[in-house]
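So you can see what is in the structure, the chains are spelled out below.
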Amino acid sequence: MAELPFHTYDVFTSRRYEGNPLAVVETADALGTEQMQTIAREFNLSETIFIQRPADPAHTAKVRIFYPKGEMPFAGHPTIGCAIHLAEEKNKGEERYRCEITLEEEAGLVPVDVVREGDAITAQLTAPGKPNRSDVDLPERGSIAAALGLEARDIGIAGHKPAVFAIGFPFLFIPLASRAALTLARPNEPHWSALTEAAGSQAAYCYCASGQTEMDFHSRMFDPGGGIFEDPATGSATSLLAAQLAASNALKEGANRFVIMQGEDMGRPSRLVLETDIDSGVLGKIRIAGSAVRVMSGVLHTP
């Protein structure tokens, strides 16, 4: 039985016990898939990331990401948290630095730009590849509303329609008409299972416009089928939000930047920054930024 060092971080926040908790397991090269899944279930966080030696020495690390019931080919908050961890280890004792961390993920290479200025540390990832839109026939508005315990009038923002997008893992995007509707939303059976089956996605990302100058959207993400009733911050879904906004004609030509607040309704406020570019109507690279702070460190015994 081996012992492996691990750390936990709260991601998309600079304050401990807010944001999205993440477990980072180091020197995980000898672990098999079943062992990683067992450890992820033991942590019982939305995701656990395992650090291994890179296939290409020019890259920083190979990583594998697991949620309680499966593996993610790409995920935002593990990528941000892991990159900040690796940058801190690489630059111990430095109060100011900027470095690029390149992670080999199942979905492809993910470069992450990490910057530290005193106590403030942030990371910005570039998503691997472009989002794919699923060609599915979604139920009408009333059925979607019933799946969230809402009324039909609560579904929709002008120009925005529910849709499914994926970079490896699909998310159903549901625009909501108000912040009040977002607060009231929650998976409601049997309508929820019928909706996710029709969408071909077990995870739904609900969002509404904020109407405030300091942020652009509020969001919530539900995935009870994956063992995560609600996620405090979902970087991969936030990256796909760029495609949802593009499909809704909500992006302007050139640079676009949005601040999204998630996790507020579960007492884990998280701040995610989405950036992307539009060139002649074509969606460019998608970037997600946020902070992270270390909470715990220890040693685990391998299964």
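See the structure above.
Below you will find a few notes about this structure. Computed from a predicted model, the values in this text were never measured in an experiment.

Scoring rules and cut-offs
Residues numbered from 1 in each chain as written. Predicted model: local features only at pLDDT ≥ 70, side-chain atom pairs only at ≥ 80, totals over all residues. Heavy atoms only, no water. Helix = DSSP H or I, 4+ residues; strand = E, 2+ residues; numbered from the N terminus. Rg over C-alpha atoms; globule rule 2.2 N^0.38 Å. Buried < 20%, exposed > 50% of the residue type's maximum accessible area, 1.4 Å probe, protein only. Areas by Shrake-Rupley, 256 points an atom, 1.4 Å probe, with all protein chains shown as cover. Lys, Arg positive; Asp, Glu negative; His and termini not counted. Charge placed at Lys NZ, Arg CZ, Asp CG, Glu CD. 1 Å grid on protein atoms, 1.4 Å probe; cavity = no way out; pocket = protein on both sides within 12 Å on 5 of 7 lines; lining within 4 Å. Points joined across faces, edges and corners; volume = space filled by probe spheres on them. Nonpolar A, V, L, I, M, F, W, Y, C, P; charged D, E, K, R; others polar. Pairing = 2+ DSSP bridges. Salt bridge = Lys/Arg side-chain N within 4 Å of Asp/Glu carboxyl O. Polar contact = N/O pair within 3.5 Å; in protein donor to acceptor, adjacent residues only side chain to side chain. Contact = heavy atoms within 4.5 Å. Expected span 1.5 Å × (residues − 1).

Some thoughts on the overall build of the chain
Thinking step 1. In terms of regular secondary structure, the chain is built from 6 helices and 17 strands.
Thinking step 2. Over its C-alpha atoms the chain spans a radius of gyration of 19 Å, differing by no more than 12% from the 19 Å that the globule rule assigns to 303 residues.
Thinking step 3. In terms of principal-axis extent, the alpha carbons of the chain reach across some 55 × 40 × 35 Å.
Thinking step 4. Relative to its full complement of 303 residues, the chain shows a buried share of 54%.
Thinking step 5. With the model as given, the accessible surface of the chain reaches about 13100 Å², and the carbon-plus-sulfur share is 48%.
Thinking step 6. Computed over 27 positive and 39 negative side-chain charges, the inter-centroid distance for the chain is 3 Å.

Some points on empty space enclosed by the protein
Thinking step 1. Applying the stated rule across the entire model yields 1 cavity of 30 Å³ or more.
Thinking step 2. Considered as a void within the structure, the largest cavity measures approximately 80 Å³ in volume.
Thinking step 3. Secondary structure elements with two or more residues in the lining of the largest cavity: strand 11 (169-175), strand 13 (215-223) and strand 14 (228-231).
Thinking step 4. Classifying every residue of the lining of the largest cavity by side-chain character gives 7 nonpolar, 2 polar and 3 charged.

Here's the deal with the pairing of strand 1 (residues 3-11)
Thinking step 1. Within strand 1, 7 of the 9 residues are buried, leaving the element largely enclosed by the surrounding structure.
Thinking step 2. Pairing between strand 1 and strand 17 (residues 282-301): 9 bridges, direction antiparallel. Across the sheet, Leu4 pairs through a bridge with Leu300, a residue of strand 17.
Thinking step 3. Bridge count between strand 1 and strand 2 (residues 20-25): 6 bridges; the pairing is antiparallel. From the neighbouring strand, Asp10 faces strand 2, where its bridge partner is Pro21.

Some points on the pattern of salt bridges
Thinking step 1. Overall, the coordinates contain 16 salt bridges when judged by the stated rule.
Thinking step 2. Where Lys92 meets Glu89, a salt bridge forms, and the shortest distance between an N and an O atom there is 3.4 Å.
Thinking step 3. Taken together, the salt bridges that share partners define one network made up of Arg179, Arg220, Glu230, Glu264 and Asp265.

Some remarks on the side chain of His77
Thinking step 1. One can find His77 in helix 2 (residues 76-90).
Thinking step 2. For His77, a relative accessible area of 1% corresponds to the buried category.
Thinking step 3. Looking at His77, its side chain comes within polar contact range of the main-chain oxygen of Pro21, at 3.0 Å.
Thinking step 4. Within polar-contact distance, the side chain of His77 engages the side chain of Glu47 at 2.8 Å.
Thinking step 5. With sequence-adjacent residues up to four places away left out, His77 is seen in contact with Val11, Phe12, Asn20, Pro21, Leu22, Ser46, Glu47, Ala233 and Gly235.

Side note on unusual backbone geometry
Thinking step 1. Note that the residue after Glu189, namely Pro190, is joined by a cis bond; omega there is 5°.
Thinking step 2. For Pro190, the location among the structural elements is in the loop between helix 4 (179-184) and helix 5 (191-199).
Thinking step 3. Its identity as a non-glycine residue notwithstanding, Tyr17 has a phi of 70°, on the positive side.
Thinking step 4. You can see Tyr17 is positioned in the loop between strand 1 and strand 2.
Thinking step 5. Residue Tyr17 is classed as exposed on the basis of its relative accessible area of 58%.

Overview of helix 6 (residues 235-247)
Thinking step 1. Relative to the 18 Å expected for 13 residues at 1.5 Å per residue, helix 6 spans 19 Å between its end C-alpha atoms, a close match to the ideal helical length.
Thinking step 2. Within helix 6, 11 of the 13 residues are buried, leaving the element largely enclosed by the surrounding structure.
Thinking step 3. Every buried residue belonging to helix 6 is among Gly235, Ser236, Ala237, Thr238, Ser239, Leu240, Leu241, Ala242, Ala243, Gln244 and Leu245, and all of these are buried.

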